[in-house]
Amino acid sequence: EQRVLARIVGGHRRKIAAEGFDQLLPPWDRRAIFLIVLLRLAVLLHRGRGNASLPDLELIPRGRSLEIRFPVRWLKDHPLTVADLTQEIALLRGADFRLKVYSSRGLRAV
């Protein structure tokens, strides 16, 4: 449990080190990356730390990837978040993980 927690906390900012997941016990060797990604997205999306609530999001896990769907107008109204998501896609790619961002109409947004 300590190793999993250390891995999650250690991976929640900046670049994710690809090595070390194999040292975790199953099933955490495969699941820890998803917990890291979810924590990173929560931090990224809670940008203003204000009282404004987030829109309803749809998360679709597929293998070592995650699709996130936003309401159509929300991404257009939040360009700084789009920039952060674009950077996050590149950082996660380095950890052999794919993040795909779409509008609710199925259009690739980032």
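Residues numbered from 1 in each chain as written. Predicted model: local features only at pLDDT ≥ 70, side-chain atom pairs only at ≥ 80, totals over all residues. Heavy atoms only, no water.

## A closer look at helix α1 (residues 2-10)
Step number 1: Those residues of α1 that sit buried are V4, R7 and I8. Along α1, the residues classed as buried sweep out an arc of 95 degrees about the axis, all on the same side. Looking at α1, the residues exposed on the side facing more than 90 degrees away from the buried face are Q2, R3, L5 and G10. (Buried < 20%, exposed > 50% of the residue type's maximum accessible area, 1.4 Å probe, protein only. Helix = DSSP H or I, 4+ residues; strand = E, 2+ residues; numbered from the N terminus. Arc of directions from axis to C-beta.)

## Observations concerning unusual backbone geometry
Step number 1: Despite not being glycine, D96 shows a phi value in the positive range, around 60 degrees.
Step number 2: Residue classification places D96 among the partly exposed residues on the basis of a relative accessible area of 48%.

## Here we look at the packing of helix α2 (residues 28-45) against helix α4 (residues 79-93)
Step number 1: Two numbers describe how α2 lies on α4: the axes approach to 10 Å, and their chain directions differ by 160 degrees. In this view, α2 runs roughly antiparallel relative to α4, as classed from their interaxial angle. The interaxial crossing formed by α2 with α4 has right-handed handedness. Along its contact with α2, which presents V37, R40, L41, L44 and L45, the element α4 presents T81, D84, L85, E88, L91 and L92.
Step number 2: For the contact of α2 with α4, the class distribution of residues is seven nonpolar, one polar and three charged. (Axes fitted to C-alpha atoms, helices over the stretch in contact; angles between N-to-C directions. Parallel < 35°, antiparallel > 145°, perpendicular 65-115°, else oblique. Left-handed = near helix turned anticlockwise from the far one by under 90°. Contact = heavy atoms within 4.5 Å. Nonpolar A, V, L, I, M, F, W, Y, C, P; charged D, E, K, R; others polar.)

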